[in-house]
Amino acid sequence: MGKDKVVLAYSGGLDTSVAIPWLKEKLGLEVVALTLDVGIEKDYDSIKQRALKAGAVKALVMDARETFVRYFVLPALQADAIYEGQYPLATALSRPLMAKLLVDVARKEGASAVAHGCTGKGNDQVRFDVGVGALAPDLRIIAPAREWGMSREEEIEYAQNKGIPVPATVASPYSTDENLWGRSIECGVLEDPWAEPPEEVYAWTRSPKDAPEEPRYVEVEFRRGVPVALDGAEMDGVELIQRLNQVAGEHGVGRIDHLEDRLVGIKSREIYEAPAATLLLQAHKALESMTLAKDQLRFKERVAQECADLIYNGLWFSALNRDLAAYVQSTQRHVSGTVRVKLWKGNCRVVGRKSSESLYSYELATYDKGDQFDHRASPGFIHIWGLPVRLQARVQGLAEDPLGLQAPKKKPSRHFEYD
Ligand code: ARG
């Protein structure tokens, strides 16, 4: 019998590169490196070579872009999922996808374990571990960087001793993660929440001051809550999102500065760049406000927050997520139409919307000729609507203290005419 195998989620960065010899030598495992393309242009061939050079028995690169968009990003967009009103959840959505693909490859390779490069301080470890635990409870999960207790300097030394080329990104004071739904930047001066992020942390967005002087209008067409065309041209989700990252990023749209509450109980300062996500989430909500009724919108807002929290907190593969996803799907059946967005110097604003399933009625809304709203029905409606307020005001003596400034003195009168 050969050695036990482990499938490692391999990014090509320092932590996962050091993890390869560590898993081999400390735990006596054969390492299969798995690198996923989640929509970022990279030299995947050299990442593969680096994994092999570090001692992996096999290095796989998988194009996961379409799966990511279809099964993770679009459902989150349809749910309007934004964590704490700020973070469109790019990293959080990619971890359950990675957990799933790690498990798939582990099965195919006959591995008994999977591994990832997360530290013991973040949310990502939770997302990987809970995801793998749900999909394959028999697999062992190893997080070398959570166990080895090496400082960054010690890691670099370890890499050099093993003859592993240290990636160029090591020189940067920032820690980043990216996929087509967004990019996150942490560490360095960003750990001072009072310090404005220096321009150098941004890679996808132009500074609004250097953005084009002329505004750019973008038209996004949605079908059942899924964006399907840009400026009239149909395209698949991956391409649509990548193009929007370009266009909106060019106009300085999508910079986010979030003092965020991690699941592990700490507040951390996170900078995000999410041009496409910012634009699409706004456009999608604008179309919902035209095609969903008021009570549907209210309820969906609560569902959105639930979805965002469970995505953030690593519960993608929970039954609750599946149930909420079914609800969200149902809400999207009339969310079709086109939204017009104006990008200008860091701003992204919806300036127009249209839909063949619109609940906006010109005849009801207009103040001009052609108004069909029955004004004469309003007094009766208001009479009934205000009934409980009038009743309570009389019985409890509102008029004596309309601003609630004094403690009640005398017993209010019980007399009230109901109509
Ligand atoms: N704070 C964000 C989240 O929890 C971003 C995490 C970025 N992860 C990383 N390994 N750099 O989703």
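Residues numbered from 1 in each chain as written. Predicted model: local features only at pLDDT ≥ 70, side-chain atom pairs only at ≥ 80, totals over all residues. Heavy atoms only, no water.

## Structural notes on the overall build of the protein
Short version of the rule: Strands here mean DSSP runs of E at least two residues long; helices mean DSSP runs of H or I at least four residues long; both are numbered from the N terminus. The cut-offs for exposure are 20% and 50% of the maximum accessible area for each residue type, with area from a 1.4 Å probe on protein chains only; residues under the lower value are buried, those over the upper are exposed, and the others partly exposed. Only heavy atoms enter the contact rule, under which two residues are in contact if any of them lie within 4.5 Å. Calculation of accessible area relied on Shrake-Rupley with a 1.4 Å probe; when residues are assessed, cover is drawn exclusively from the protein chains displayed.
Check the secondary structure of the protein and you find 14 helices and 14 strands. Here the C-alpha coordinates of the protein stretch approximately 90 × 55 × 45 Å along the principal axes. With 419 residues in all, the protein has 46% of them scored as buried. A separation of at least 24 residues holds for 72% of the contacts in the protein among residues at least 6 apart in sequence. Accessible area for the protein stands at about 22400 Å²; split by element, carbon and sulfur atoms hold 52% of it.

## Re the layout of surface pockets
For the record, the criterion: Note on definitions: the grid is 1 Å and covers protein atoms alone; a cavity is a set of points where a 1.4 Å probe fits but cannot get out; a pocket is an open set with protein on both sides within 12 Å along at least five of seven lines; lining residues have an atom within 4 Å of a point. Grid points are joined across faces, edges and corners, and a volume is the space filled by probe spheres set on the points. When residue character is reported, Ala, Val, Leu, Ile, Met, Phe, Trp, Tyr, Cys and Pro are called nonpolar, Asp, Glu, Lys and Arg charged, and the others, Gly included, polar.
Of the pockets and cavities examined, the second largest pocket occupies roughly 410 Å³. In this structure, the second largest pocket is lined by 17 residues; those nearest its centre are Tyr71, Trp316, Asn321, Arg322 and Ala325. Contributions of two or more residues to the lining of the second largest pocket are made by helix H3 (65-78), helix H10 (294-312) and helix H11 (319-331). Considering only residue class, the lining of the second largest pocket consists of 11 nonpolar, four polar and two charged.

## Notes on the environment of Pro96
Relative to the helices and strands, Pro96 is located in helix H4 (residues 90-109). For Pro96, a relative accessible area of 5% translates into the label buried. It is 7.6 Å that separates the C-alpha atoms of Pro96 and Phe317, two residues lying 221 residues apart in sequence. Apart from the residues within four sequence positions on either side, Pro96 is in contact with Phe72, Trp316 and Phe317.

## So, the sheet that holds strand S14 (residues 347-354)
So the rule is basically this: Strand pairing requires that DSSP identify at least two bridges connecting the strands. Between N-to-C directions, angles cover 0 to 180 degrees, with each direction set by a line fitted to C-alpha atoms, over the stretch in contact for helices.
Strand order in the open sheet formed by five strands is S10-S9-S8-S13-S14, with antiparallel pairing between adjacent strands. If you trace the sheet from one side to the other, it starts and ends with strand S10 (233-234) and S14, each paired once. In terms of strand pairing, strand S9 (residues 226-230) meets S10 through two bridges, oriented antiparallel. Within S10, the position partnered with Ala229 by the bridge is Glu234. Where helix H8 (residues 237-250) meets the sheet, it contacts strand S8 (216-223), S9 and strand S13 (337-344), and its direction lies at approximately 65° from that of S9. Relative to the sheet, helix H9 (residues 275-291) contacts S8, S9, S13 and S14, its axis offset from that of S14 by approximately 30°.

## Details of the site of the ligand
Test applied: Definition of nearness: a residue and a molecule or strand are near each other if at least one heavy atom of the residue lies within 4 Å of the molecule or strand. In protein, a polar contact requires one atom able to donate a hydrogen and another able to accept it; more generally it is a pair of N or O atoms within 3.5 Å, and residues adjacent in sequence count only if both atoms are side-chain atoms.
Neighbouring residues of the ligand: 16 residues in total, closest Tyr87, Asn123, Asp124, Arg127 and Glu260. At a separation of 3.1 Å, a nitrogen atom of the ligand approaches a polar side-chain atom of Glu270. The protein chains hide 86% of the 340 Å² of surface that the ligand would expose on its own. For the shell around the ligand, the secondary-structure elements that each account for two or more residues are H4, helix H5 (124-135), strand S6 (175-179), strand S7 (182-186) and strand S12 (267-273). Taken together, the residues of the shell around the ligand sort by class into four nonpolar, five polar and seven charged.

## Topic: the packing of helix H1 (residues 14-27) against helix H2 (residues 44-54)
Applicable threshold: Should an angle fall under 35 degrees it is taken as roughly parallel, and over 145 as roughly antiparallel, whereas 65 to 115 is taken as roughly perpendicular and any remaining angle as oblique. It is the rotation of the near helix from the far one that decides the hand of a crossing: anticlockwise by less than a right angle makes it left-handed, clockwise makes it right-handed.
With their axes 9 Å apart at the nearest point, H1 and H2 run at an angle of 30° to one another. The angle between H1 and H2 places the two elements in the roughly parallel class. Crossing of H1 against H2: the hand is right-handed. Contacts between H1 and H2 involve Ser17, Ile20 and Pro21 from the former and Arg50, Ala51 and Ala54 from the latter. A class-by-class count of the residues in the contact of H1 with H2 yields four nonpolar, one polar and one charged.

## A look at the nonpolar core
This is how it is decided: Buried Ala, Val, Leu, Ile, Met, Phe, Trp, Tyr and Cys residues form a nonpolar core when they are joined through side-chain atoms within 4.5 Å.
Val7, Leu89, Leu93, Trp181, Leu280, Ile311 and Leu343 are the most contacted members of the largest nonpolar core, which totals 78 residues. Looking at this core, the element that brings in the most residues is H4, giving 11 residues. Among all residues touching Ile311, those that are not within four sequence positions of it are Ala76, Ala81, Leu89, Ala92, Leu93, Arg127 and Trp316. By size, the runner-up hydrophobic cluster in this structure holds 29 residues, among which are Leu8, Trp22, Leu23 and Ile164.

## Observations concerning the pairing of strand S11 (residues 255-261)
Here S11 shows a clear split, with Ile256, His258 and Glu260 buried on one side and none of Arg255, Asp257, Leu259 and Asp261 buried on the other. In this structure, S11 lies alongside S12, joined through seven bridges in antiparallel fashion. Considered in S12, the bridge of Glu260 is made with Ser268. Joining the antiparallel neighbours S11 and S12 is a turn of five residues, in which Gly265 adopts a positive phi near 100°.

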